[in-house]
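Examining the three-dimensional arrangement
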Amino acid sequence: MFRAVFRLSTSGARRLARTRPCYSAPLASRCYSHGKVETDEEFDSRWVTYFSKPDIDAWELRKGMNTLIGYDLVPEPKILDSALRACRRLNDLASAIRILEAVRDKAGPHKDIYPYLIQELKPTLTELGISTPEELGIDKL
């Protein structure tokens, strides 16, 4: 009885081994990115153009900021300048302060990034009458 089981198992294993195709061709590497690579300047100009649209609404502003903050980067001051100006056009002070808070959180443990951004944005903040979260005292909550 064991001999019959052994004979069937070995002949079955041989049959399985013979039915599988044997590939001897080298594996081809795949290139999934077919589009051109966007430079930093193109990226910045795309977002500045997005936030500079004269007919931008509050939903588009929030959507754009959520997408921008989702990237693995801290936005450049010129992008933030454009976003803050869009907030002013919409008369949305809460979104402007929220943008500054999001950038502070995005800078994370790098303590020199957020002060640099505030330094670069200070003329715009003064011109638009936007206070920083630190000036309002809401950074300690």
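Structure report, in brief. (Residues numbered from 1 in each chain as written. Predicted model: local features only at pLDDT ≥ 70, side-chain atom pairs only at ≥ 80, totals over all residues. Heavy atoms only, no water.)

Looking only at helices and strands, one finds seven helices and zero strands in the protein. By residue count, 26% of the 141 residues in the protein fall in the buried class. Counting contacts in the protein only where the partners sit at least 6 residues apart, residues at least 24 apart contribute 64% of the total. Here the protein has roughly 10,500 Å² of accessible surface; of this, 57% comes from carbon and sulfur atoms. (Helix = DSSP H or I, 4+ residues; strand = E, 2+ residues; numbered from the N terminus. Buried < 20%, exposed > 50% of the residue type's maximum accessible area, 1.4 Å probe, protein only. Contact = heavy atoms within 4.5 Å. Areas by Shrake-Rupley, 256 points an atom, 1.4 Å probe, with all protein chains shown as cover.)

Membership of the largest hydrophobic core comes to 25 residues, with the highest contact counts inside it found for Phe-51, Leu-84 and Leu-100. Elements supplying a minimum of two residues to this core: helix H2 (40–51), helix H3 (58–70), helix H4 (77–89), helix H5 (93–107) and helix H6 (113–128). When residues no more than four places from it in sequence are discounted, the contact partners of Phe-51 are Ile-56, Leu-61, Gly-64, Met-65, Leu-68, Ile-79, Ser-82, Ala-83, Ala-86 and Arg-89. (Core = buried A, V, L, I, M, F, W, Y, C linked by side-chain atoms within 4.5 Å.)

In this section: H4. An α-helical turn contains 3.6 residues, so a residue and the one three or four places further along point in the same direction. In this model H4 runs 18 Å from its N-terminal to its C-terminal C-alpha over 13 residues, within 8% of the 18 Å that 1.5 Å per residue would give. If you check which residues of H4 are buried, you get Pro-77, Ile-79, Leu-80, Asp-81, Ser-82, Ala-83, Leu-84, Ala-86 and Cys-87. The inward-facing, buried residues of H4 contact H2, H3, H5 and H6. Positioned one or two residues after H4, Asn-91 has a phi angle of 55 degrees, which is positive. (Expected span 1.5 Å × (residues − 1).)

Two side chains bearing opposite charge may form a pair once their charged atoms approach each other closely. For the structure on display, the rule yields nine salt bridges. Residue Arg-85 pairs with Asp-81 through a salt bridge whose shortest N-O separation is 3.1 Å. Within this pair, Arg-85 and its partner Asp-81 are both found in helix H4, separated by four residues, close to a single helical turn. (Salt bridge = Lys/Arg side-chain N within 4 Å of Asp/Glu carboxyl O.)

Turning our attention to the packing of aromatic side chains. Under the criterion given, the structure shown has six aromatic pairs. Consider the rings of Trp-47 and Tyr-50, whose centres lie 5.4 Å apart with planes at 70 degrees: the pair is edge-to-face. Within this pair, Trp-47 and its partner Tyr-50 are both found in helix H2, separated by three residues, close to a single helical turn. Here Tyr-50 falls in the partly exposed class, since its relative accessible area comes to 21%. Connected via pairs of aromatic rings, a cluster forms that spans Phe-43, Trp-47, Tyr-50, Phe-51 and Tyr-71. (Phe/Tyr/Trp six-rings, centres within 6.5 Å; stacked < 30°, edge-to-face > 60°.)

What follows is about H2. In this model, H2 (12 residues) spans 17 Å end to end at C-alpha, consistent with the 16 Å of a helix rising 1.5 Å per residue. For H2, every residue scored as buried is listed here: Phe-43, Asp-44, Trp-47 and Phe-51. Summarising the axial view, the buried residues of H2 lie within an arc of 95 degrees, below the 170-degree limit, and thus occupy one face. Opposite its buried face, H2 presents the exposed residues Glu-41 and Thr-49, each directed more than 90 degrees away. On its buried side, H2 packs onto H3 and H4. (Arc of directions from axis to C-beta.)

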